[in-house]
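Remarks on the overall topology
One-letter residues, chain by chain:
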Amino acid sequence: SSGINAEYGQKMRVSMKDKAAARAARFEKWSTQEQDLVQAAGRAYSDKLISDMCHEKIGLADPSIQPVLKKLYNLYLVTVLQENIGFFLSNNLISRKAAAGLRNDFDDLVKDIAPDSLALADGFGITDEMLSAPIARDWELYNSYDNAGEMEKFEDMIRS
């Protein structure tokens, strides 16, 4: 009986080592060899959730602001397409003609949204302080030196 228990214990230890090695191999493959795919899948899932939620919330919004919200939503969708155009083209999910038109679609949407930009900033709670980043004031001056994000240098430059 003790011989059977010892043999069974040995098999369990080997089995547990094999399972641990298999887990380690899967983790190694996932973390080093497949990380780009894992991150891309996560990003695609996030994009879908954001898209679904935007679509739903636009339908619930005040009808007077729905047109500009739809333009923002379309701008988001065009941006997602542009950022992933290689994937969409290589998987025949978008035609070359449609892909070629994305830049114009983006530019047109930006032009359409621009007149509402300050109202949108207010609506999203973006304060004047947030809008008055140093680069927004005088971008040539801001980029004329290695500012490394240091506000004090810029403030000293505009005071003098």
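Residues numbered from 1 in each chain as written. Predicted model: local features only at pLDDT ≥ 70, side-chain atom pairs only at ≥ 80, totals over all residues. Heavy atoms only, no water.

**Considering the pattern of salt bridges**
Here the structure, examined in full by the defined rule, presents four salt bridges. Ionic pairing is found between Asp47 and Arg43, a salt bridge with its closest N-O pair at 3.2 Å. In this pair, Asp47 and Arg43 both sit in helix H2 (residues 35-60), four residues apart, roughly one turn of the helix. Between Asp52 and Lys48 there is a salt bridge, with the nearest N and O atoms lying 2.5 Å from each other. Of this pair, Asp52 and Lys48 both sit in helix H2, four residues apart, which is roughly one turn of the helix. Taken together, the shared-partner salt bridges in this structure form one network comprising Arg43, Asp47 and Glu83. (Salt bridge = Lys/Arg side-chain N within 4 Å of Asp/Glu carboxyl O. Helix = DSSP H or I, 4+ residues; strand = E, 2+ residues; numbered from the N terminus.)

**Let's talk about the environment of Asp47**
We classify Asp47 as buried; its relative accessible area is 9%. For the pair formed by Asp47 and Tyr76, sequence separation is 29 residues and the distance between their alpha carbons is 9.4 Å. (Buried < 20%, exposed > 50% of the residue type's maximum accessible area, 1.4 Å probe, protein only.)

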